[in-house]
Amino acid sequence: MKLSKNWQALVGSAVLALATVTSFSAAANLKSEMRAMGGSVSAALKTDDSQTFIQSLQQFSAAVEQAKQQPLPYSLHDKAADSSEVADYKQGFQTLLDTAKQAIETAEKGDLPQAKQQAEQLLEIRNGYHKKYK
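Residues numbered from 1 in each chain as written. Predicted model: local features only at pLDDT ≥ 70, side-chain atom pairs only at ≥ 80, totals over all residues. Heavy atoms only, no water.

Looking up the protein chain in an unreviewed UniProt entry gives the name Soluble cytochrome b562, with the organism given as Pasteurella testudinis DSM 23072.

Some words on the overall build of the protein chain
In plain terms, the rule: Here a strand is any run of E in DSSP of at least two residues, a helix any run of H or I of at least four, and the numbering for each starts at the N terminus. In what follows, a contact means two residues having at least one pair of non-hydrogen atoms within 4.5 Å.
Secondary structure assignment for the protein chain yields four helices and zero strands. Of the regular secondary structure in the protein chain, the N- to C-terminal order runs α-α-α-α. The long-range share in the protein chain, meaning contacts at least 24 apart out of those at least 6 apart in sequence, stands at 72%.

Concerning the UniProt feature "binding site: heme b" (unreviewed entry) in the protein chain
Our working rule: UniProt positions are given in the numbering used here, feature names are shortened, and annotations may be inferred rather than shown by experiment. Buriedness for pockets is judged along seven lines, at least five of which must meet protein on both sides within 12 Å for an open set on the 1 Å grid over protein atoms alone, while cavities are sets there where a 1.4 Å probe fits but cannot get out, and lining residues have an atom within 4 Å of a point.
The sites that carry the UniProt feature "binding site: heme b" (unreviewed entry) are, in the present numbering, Met-34 and His-130. Look at the named residues: they lie 97 residues apart in sequence, but the longest C-alpha span between them is just 10.4 Å, so in the fold they bunch up. Residues from the annotated list that form part of the lining of the largest cavity: Met-34. Tracing the backbone through its elements, the reader meets Met-34 in helix α1 (residues 5-46). Here Met-34 is in contact with Phe-93 and His-130, once residues within four sequence places are set aside. Looking at where His-130 falls in the secondary structure, it is placed in helix α4 (residues 112-133).

Comments concerning the environment of Gln-118
Within the secondary structure, Gln-118 sits in helix α4. Residues Gln-118 and Gln-102 lie 16 residues apart in sequence; the distance between their C-alpha atoms is 7.4 Å. Sequence-distant contacts of Gln-118, that is, excluding residues within four places in its chain, are made with Thr-99, Gln-102, Ala-103 and Thr-106.

Thoughts on the packing of helix α2 (residues 50-68) against helix α3 (residues 84-108)
Heads up, the condition is: Lines fitted to the C-alpha atoms define the axes, with helices restricted to the stretch that makes contact. Angles between their N-to-C directions range from 0 to 180 degrees. What sets the label is the angle itself: under 35 degrees gives roughly parallel, over 145 gives roughly antiparallel, 65 to 115 gives roughly perpendicular, and the rest give oblique. What makes a crossing left-handed is the near helix being turned counterclockwise from the far one by less than a right angle; a clockwise turn instead makes it right-handed. The classification used treats Ala, Val, Leu, Ile, Met, Phe, Trp, Tyr, Cys and Pro as nonpolar, Asp, Glu, Lys and Arg as charged, and all other residues, Gly among them, as polar.
Direction vectors running N to C along α2 and α3 enclose 165°, while the axes themselves pass 10 Å from each other. Between α2 and α3, the crossing angle belongs to the class labelled roughly antiparallel. At the point where α2 passes α3, the crossing takes the left-handed sense. Residue-level inspection shows Ser-50, Phe-53, Ile-54, Leu-57, Gln-58, Phe-60, Ser-61, Val-64, Glu-65, Ala-67 and Lys-68 of α2 in contact with α3, the latter providing Phe-93, Gln-94, Leu-96, Leu-97, Ala-100, Ala-103, Ile-104, Ala-107 and Glu-108. Per-class residue counts for the contact of α2 with α3 are 13 nonpolar, four polar and three charged.

Spelled out as structure tokens, the structure:
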């Protein structure tokens, strides 16, 4: 079946539009997860209750796991999957998860002030990776 030039142009435009929408949707999903991460850390740092702190960082960790599943940010879209930049980007998520886990464990032991200091590192880690890959 041979399509006319008009149909070829229409199909090509539709494919391009779908790809663009999909790309924007993925970026929006990553942005949504990043906002959830920020809100969870903020809630953890503001509370004086260990359980609320732990729950907030558990929500943070869940948002990190979701963000890991999103496509790479635009700044890395042209990098190979096995490039050092992509590996570093992925390591950033793991560093966030490890730091949150450490803060949760500290809070579970009853040392909320120390746990909050550890949770503040999450902001530093985030800021460092944002500078590199946002």
